[in-house]
Amino acid sequence: MNTPFLWHNGRIKPWAEATVHVSAHALHYGSSVFEGERVYNTPDGPAYFRLADHTRRLFESARIYDIEIGYTEQQIDEACVELIGANRMASAYVRPIVFRGAGGLGVLPRDGAPVDVAILALEWGAYLGDAAETGADVCVSSWNRPAPNTLPSWAKAGGNYLSSQLIGLEARRGGFDEGIALGHNGLLSEGAGENLFLVKRGKLLTPPSSAGILSGITRDTVITLADDLGIAVEERDLPREALYWADEVFMTGTAAEITPVRSVDRKQVGNGTPGPVTRALRDAFFGLFDGRTQDRYGWLTHVSSALAADRENQNAASHGRTPQQSQATMEAAT
């Protein structure tokens, strides 16, 4: 599973050289924020999907917990691109993570305690395996998502995923692919690591961002693509039983992408196969990466183009020119 290189605290280094001390604050108290990103093999080479949006959310999560990242968003974007080039990867799952390092064993880190930043790139297929094509068998978990004003659900923080582990473990013990959590109020929230969508009479329904969910980037992508396809979308509170009368159910996330659900609590969803709305959205989503769907929103960051731009900016800086001046010189030469 390892790749030759990762990015750690400002430089590319061999995988085995990236180490963390056992007294790291994040290890004891969960003080980390992270992202999950995908690189797809497109006709124009490897491309990140919504890289800038993921990096922006990483910084927003860190801000909630007063974690100073120490790099700019642009620097993190550039490091993500550089890592794919260093590992010569055509596709990847990428994990930027920011965490408090060895800063004492108190709940609050001592002043000046270090913050580590790392980026890993791995080969990783469908998160839920064959269920991505045939449909997942899921259950409603006995574990609820935290109530508002307990843990900030909009932050993609390591500690938040202790709840997800309980949901996922319970589902696995019961023979299911994944679990779905209810909120503190007994209404639908999200999966262990995915957002949730239902289809009823052609309309797309999804719990609101106030339902204790991570406001997912793939979730936002699906809502946008649905609008492009003329599919009505309603964000609303939904009771558990909505899962049982839905015509279609699917889950979304960077790892899960768009995974159809074929049964909930061993009750079949629709005819037990991915429905027409799910299929249409999957086609539009994966079409972004094979050219069938136009990238109207600039969601793709092509690694080769970004690397070339980074090199040009570095050359311009070394010669005392701004990137804009360098670009103007290039255009004049052509």
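Here is a short report on the structure shown in this document. Keep in mind that this is a model prediction, so the values were computed, not measured.

### Some points on the pairing of strand β1 (residues 5-8)
Examined bridge by bridge, β1 and strand β2 (residues 11-14) share 4 bridges and lie antiparallel to one another. Paired with His8 across the bridge in β2 is Arg11. Hairpin geometry of β1 and β2 is characterised by an intervening segment of 2 residues between the two adjacent antiparallel strands and by a positive phi of about 50° at Asn9. Relative to strand β7 (residues 115-122), β1 is paired through 2 bridges, and the arrangement is antiparallel. Note that in β7 the partner of His8 across the bridge is Ala118.

### Quick notes on the side chain of Thr3
Within the secondary structure, Thr3 is located in the segment before β1. Here the side chain of Thr3 touches Ala121 through a polar contact of 2.8 Å, landing on its backbone oxygen.

### Here we look at unusual backbone geometry
In the Ramachandran plot, Arg50 falls in the positive-phi region, its phi being about 55° despite a non-glycine side chain. Here Arg50 is to be found in the loop between β5 (45-49) and α2 (51-64). For Arg50, a relative accessible area of 8% gives the class buried.

Definitions and cut-offs
Residues numbered from 1 in each chain as written. Predicted model: local features only at pLDDT ≥ 70, side-chain atom pairs only at ≥ 80, totals over all residues. Heavy atoms only, no water. Pairing = 2+ DSSP bridges. Helix = DSSP H or I, 4+ residues; strand = E, 2+ residues; numbered from the N terminus. Polar contact = N/O pair within 3.5 Å; in protein donor to acceptor, adjacent residues only side chain to side chain. Buried < 20%, exposed > 50% of the residue type's maximum accessible area, 1.4 Å probe, protein only.

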